[in-house]
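Residues per chain, in single letters:
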Amino acid sequence: MKREFQQALAAKGRDRLPNVLLVSAECAPISKTGGLADVVGTLPKSLAALGIDARVITPYHRCVKDRYHDQVEHMFSFSVDLGWRSQYCGIERLVLDGVTIYLVDNEYYFGDRIYRGGMAEGEQYAFFTRAVLDAIPNLGFFPDILHCNDWHTAMIPVLLRTQYGLYVHGKMKTLLTIHNIAYQGKFGFDFFADMLRVDERYYTSEFLELNGCAAFLKGGCVFADRLSTVSPSYAAEICTPYYGEGLEGILNARRAQLSGIINGIDTKVFNPFSDPLIAKTYDRGHLKGKQACKEALMLEMGLHAGPRTPLIAMVTRMTGQKGFDLVERVLDEMMGLDICFLLLGSGEWQYEQFMREAEERHRGRLCAYIGYNEELSHRVYAGADMLLMPSRFEPCGLSQMIAMRYGTLPIVRETGGLRDTVKPYNMYTGEGNGFSFANYNAHEMKATVEMAVNVYRGQPDAWLALQKQAMSEDFSFARSAGDYARLYIEML
Ligand code: ADP
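Values in this document were obtained by computation on a predicted structure and should not be read as measured data.

Procedures and definitions
- Residues numbered from 1 in each chain as written.
- Predicted model: local features only at pLDDT ≥ 70, side-chain atom pairs only at ≥ 80, totals over all residues.
- Heavy atoms only, no water.
- Helix = DSSP H or I, 4+ residues; strand = E, 2+ residues; numbered from the N terminus.
- Rg over C-alpha atoms; globule rule 2.2 N^0.38 Å.
- Contact = heavy atoms within 4.5 Å.
- Areas by Shrake-Rupley, 256 points an atom, 1.4 Å probe, with all protein chains shown as cover.
- Lys, Arg positive; Asp, Glu negative; His and termini not counted.
- Charge placed at Lys NZ, Arg CZ, Asp CG, Glu CD.
- 1 Å grid on protein atoms, 1.4 Å probe; cavity = no way out; pocket = protein on both sides within 12 Å on 5 of 7 lines; lining within 4 Å.
- Points joined across faces, edges and corners; volume = space filled by probe spheres on them.
- Nonpolar A, V, L, I, M, F, W, Y, C, P; charged D, E, K, R; others polar.
- Core = buried A, V, L, I, M, F, W, Y, C linked by side-chain atoms within 4.5 Å.
- Buried < 20%, exposed > 50% of the residue type's maximum accessible area, 1.4 Å probe, protein only.
- Salt bridge = Lys/Arg side-chain N within 4 Å of Asp/Glu carboxyl O.
- Pairing = 2+ DSSP bridges.
- Axes fitted to C-alpha atoms, helices over the stretch in contact; angles between N-to-C directions.
- Domains from an automatic or database assignment.
- Buried area = accessible area lost by both parts, 1.4 Å probe.
- Polar contact = N/O pair within 3.5 Å; in protein donor to acceptor, adjacent residues only side chain to side chain.
- Near = heavy atom within 4 Å.

Participant: Looking at this structure, I do not really get the overall build of the protein. What am I missing?
Facilitator: When its secondary structure is counted, the protein shows 20 helices and 18 strands. For 492 residues, the compact-globule estimate of 2.2 N^0.38 gives 23 Å, and the protein sits close to it at 24 Å. When the backbone C-alpha atoms are referred to their principal axes, the protein occupies close to 70 × 50 × 45 Å. Restricting to contacts in the protein with at least 6 residues of sequence separation, those with at least 24 account for 72%. Working note: accessible area of the protein is about 19500 Å², and carbon and sulfur atoms make up 50% of it. Side-chain charges in the protein split into 51 positive and 58 negative, and the spacing between the mean points of these groups amounts to 4 Å.

Participant: For this particular structure, what's the right way to read empty space enclosed by the protein?
Facilitator: The method is simple in principle: a probe with the dimensions of a water molecule rolls over the atoms, and the space it marks as empty is what remains. With the rule as written, the count across this model stands at 1 cavity of 30 Å³ or more. Its volume calculated, the largest cavity comes out at about 40 Å³. For the lining of the largest cavity, the secondary structure elements donating two or more residues are strand 13 (311-318) and strand 16 (386-389). Residues of the lining of the largest cavity, tallied by class, amount to 6 nonpolar, 1 polar and 1 charged.

Participant: So what exactly am I meant to see when it comes to the nonpolar core here?
Facilitator: Where a protein is soluble and globular, its nonpolar side chains tend to be buried together. Core analysis: the biggest nonpolar cluster contains 74 residues, and Leu331, Phe341, Met355 and Leu388 have the highest contact counts within it. In contact with Leu331, not counting residues within four places along its chain, are Phe341, Phe354, Met355, Ala358 and Leu366. Residues Ala25, Leu82, Ala131 and Ala214 belong to the second largest nonpolar core, which totals 69 residues.

Participant: Which parts of the structure should I look at to understand the pattern of salt bridges?
Facilitator: Where charged atoms from two side chains of opposite charge come close, those side chains can pair. One pass over the structure, following the stated rule, counts 28 salt bridges. One salt bridge in this structure joins Arg62 and Asp66, with 3.3 Å as the shortest N-O distance. Placement of both Arg62 and Asp66 in helix 3 (residues 62-68) is noted, with a separation of 4 residues, approximately one turn of the helix. Between Arg201 and Asp199 there is a salt bridge, and its shortest N-O distance comes to 3.7 Å. Salt bridges sharing partners connect three or more residues here, namely Arg62, Lys65, Asp66, Asp105 and Glu107.

Participant: It is not clear to me how the sheet that holds strand 18 (residues 435-437) should be interpreted in this structure. Could you clarify?
Facilitator: Through backbone hydrogen bonds, the strands of a sheet pair up, either in parallel or in antiparallel fashion. Taken together, 6 strands build an open sheet; the order of strands is 15-14-13-16-17-18 and the sheet is parallel. Only two strands of the sheet have a single partner each, and these edge strands are strand 15 (366-370) and strand 18. Along the sheet, successive strands turn relative to each other by an average axial angle of 15 degrees, direction set aside. Examined bridge by bridge, strand 14 (residues 340-347) and strand 15 share 5 bridges and lie parallel to one another. The residue bridging Gly345 from the neighbouring strand is Ile370, located in strand 15. Packing against the sheet, helix 13 (residues 324-335) makes contact with strand 13, strand 14, strand 15, strand 16 and strand 18, and its axis sits at approximately 160 degrees to strand 13.

Participant: Is there a simple way to think about the domain arrangement of the protein in this case?
Facilitator: Quite often, the size of an interface is put as the accessible area lost when its parts meet. Per the domain assignment, the segments of the protein are domain 1 (3-264 + 477-491) and domain 2 (288-471). Taking only C-alpha atoms into account, the centre of domain 1 sits 35 Å from that of domain 2. Taken together, the 14 residues of domain 1 in the interface contact 15 residues of domain 2. A combined buried area of about 1100 Å² lies between domain 1 and domain 2, and 53% of that area is made up of carbon and sulfur atoms. Among the residues of domain 1 in contact with domain 2, Ser233, Tyr243 and Ile262 are the three that bury the most area, contributing 32% of the side total. At the surface where domain 1 touches domain 2, the tally comes to 0 salt bridges. Here domain 1 and domain 2 share 9 residue pairs in polar contact (both at pLDDT 80 or more) between them.

Participant: What should I look at first to understand the sheet that holds strand 8 (residues 186-187) in this one?
Facilitator: Pairing in this open sheet of 3 strands is antiparallel, and the strands run 8-10-9 from one edge to the other. Edge positions in the open sheet fall to strand 8 and strand 9 (209-210), since each of these has one partner strand only.

Participant: What exactly am I supposed to notice about the site of the ligand here?
Facilitator: If you check the shell around the ligand, you find 18 residues, and the closest are Arg317, Lys322, Gly371, Tyr381 and Leu398. One nitrogen or oxygen atom from the side chain of Lys322 is found 2.8 Å from an oxygen atom belonging to the ligand. Protein burial of the ligand: of its 560 Å² of free accessible surface, 84% is covered by the chains. Sorting the residues of the shell around the ligand by element identifies strand 13, strand 14, helix 15 (374-383) and helix 16 (399-405) as the ones contributing at least two each. Among the residues forming the shell around the ligand, the class breakdown is 7 nonpolar, 7 polar and 4 charged.

Participant: Got a minute to help me understand helix 8 (residues 216-223) in this structure?
Facilitator: Every α-helix carries 3.6 residues per turn, so stepping three or four residues along brings you back to the same face. Across the 8 residues of helix 8, 8 count as buried, placing the element largely inside the fold. Looking only at helix 8, the buried set comprises Phe216, Leu217, Lys218, Gly219, Gly220, Cys221, Val222 and Phe223.

Put into structure tokens, the structure is as follows:
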């Protein structure tokens, strides 16, 4: 055990590291719709390396059943009370890469999509909430810390405190991590009373009420022992009305119990030195291969320009969050900087359409690949010179970290995790690992792109130094796991 942990435990009068149960609607690689799954899938492995027994409990979704049913072992079953309903619940166990995953089985709730939307989704995760709490005493693994994630699991701390306080698992400490505060699980209060038997005295702004509804996430923010989010800057931002989505009041009140821990990326999967998906491998000492990756990518995407024409890429969901209204406003002006532009993304129709039309206007210089393509994303990260990420808000952001790992310099807006990971180029000291701008303003973005393009064209040595600095950053999960371990110990 690390000396630092030994000392922290001794100060608490403890001699062993805490057991942790991560609770989540999705977990990579078995079920995934977004970054949450990656965190929950990777964190237990990195915690194990620190000596912490961390396990996962997640729904036995259709996609998991289809792929893993041969490897799953049935543990026990019981009935879950969901208001007047009594529903079957099976607990299955899957051990994957040394990590124990408990799967909550019910065909009715988890027989198709991970998220059903609307009230049906509320009922899915009300069931999951109750099932997790009722299953814990029989798992044969008693967690000291219950680590909940996002609104789907945020009512667990509420029920634990208000309904299970006298039971053995009333002793567990709860951590709620907010990956995206915009999704809150809002329903009428009668839903909570009916499904989860929440007493009506909790239907006040002090507890669950939010804009005339009640919200899973608000409950978690009030009742969890500790709160965290996925970057220090986002932790500060969600305490303000602009980013807080109505929860800034309670988060401000609990600021001292709110931490920001940056996510990591899988540095084995994203490694220019060994990536089998890219045209030529390279590392920070030998960047020649990167030029070969760029040429191969330009050829593949039908882009024609000289080798010193900067290639700016975006790899992203196409939503308002990701700054597409800025891109819409100045894309044509940016193309006037004599650049090539490559988009890999999918999302809202109006942005997709805008990018398709832009491709028509700038054929051979701009390519819009509308769709989700993981393999291509590796080639884009390796082949591009810069990655543009002008987000309106960004809890953590992975794309900028992946880009840096491949020596592709990020151009970002200074918000959330982007602010915490990208250090803007300082032309006097040469420090930095990318470029950034402060205000959500299209021409500020364009000026920053122009600056990056000028450094790329006019100061190749400075550019190379920036690339090396970017590639030297540690974005591994081991670093995040250390921060989580410290937090868990603090919570004991
Ligand atoms: P968010 O989770 O808000 O979408 P992140 O930057 O945290 O944004 O994570 C996005 C992840 O999804 C990155 O790993 C990125 O490479 C990947 N990604 C996004 N869009 C695409 C796409 N169209 N094709 C392939 N990968 C994508």
